[in-house]
Amino acid sequence: MAHGDATIIEELERLRSLTSSDFIALAPLHDKAQRIRWKYASGSRNERYRQMVIKSGQGLAGSVLRLGRWVKLDDSHPDSDQVRRNCPVLLAEQLQTAAVFPILTDSDSLLIKGLLFIGKRTQPRYAQAELLVVQEGLPALAWYLKDNTGEIVK
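Residues numbered from 1 in each chain as written. Predicted model: local features only at pLDDT ≥ 70, side-chain atom pairs only at ≥ 80, totals over all residues. Heavy atoms only, no water.

Going by an unreviewed UniProt entry, the chain carries the name GAF domain-containing protein and comes from Paenibacillus germinis.

Written out as structure tokens, the structure is:
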């Protein structure tokens, strides 16, 4: 594992702990990538997340790609059961609550350089403070992605 990879995993584990999440994953987006996949994870029950391809508009992560903003799923969502059945990560990791955040190049841009997925297996909702912790950690993840991939991130 490269030094940059270890740093990213450490940051994911920190965010997982601060948000009481059971699972957290990061998918870097590269301009030349044919397929977007989850590359880093913490708290996974298996390695199935690595084979999952993220498609725009499909599942929670695909919604983030399409909308350009973060989305969440919890027991307050009217179609939560159907969304769970259509999201491979939720099924594979047996998650009940989740949120996916875009990692942007800077606060004014809509250029997404990565996706961050957090989820819980038992608790029905994320507290607002937990979601804020993740949002505050996104710039650090953008910086780590820049260092690890050689991409330019402001």
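Explain the overall build of the chain to me, and be specific about the residues and the numbers.
A count of helices and strands for the chain gives five helices and seven strands. In sequence order, the chain lays out its α and β elements as α-β-β-β-β-α-β-α-α-β-β-α. Here the chain holds 154 residues, and the buried ones make up 47% of them. Contacts spanning at least 24 positions in sequence make up 58% of the contacts within the chain whose residues lie at least 6 apart. (Helix = DSSP H or I, 4+ residues; strand = E, 2+ residues; numbered from the N terminus. Buried < 20%, exposed > 50% of the residue type's maximum accessible area, 1.4 Å probe, protein only. Contact = heavy atoms within 4.5 Å.)

Describe in detail the environment of T97, supporting the description with residues and values.
Note that T97 resides in strand β6 (residues 97-104). For the pair T97 and P124, spaced 27 residues apart in sequence, the C-alpha to C-alpha distance is 5.8 Å. Residue contacts for T97: discarding those within four places in its chain leaves L73, D74, I118, G119, K120, Q123, P124, R125 and Y126.

Account for the nonpolar core, with residues named and values stated.
W38, L60, L115 and F117 are the most contacted members of the largest nonpolar core, which has 26 residues in total. Broken down by secondary-structure element, the contributors of at least two residues to this core are β1 (23-28), α2 (59-67), β5 (71-73), α4 (88-93), β6 and β7 (112-120). Among the elements that line this core, the one with the most residues is α2, at four residues. In contact with L60, other than residues within four places in its own chain, are V71, L73, V83, C87, L90, A98, V100 and F117. (Core = buried A, V, L, I, M, F, W, Y, C linked by side-chain atoms within 4.5 Å.)

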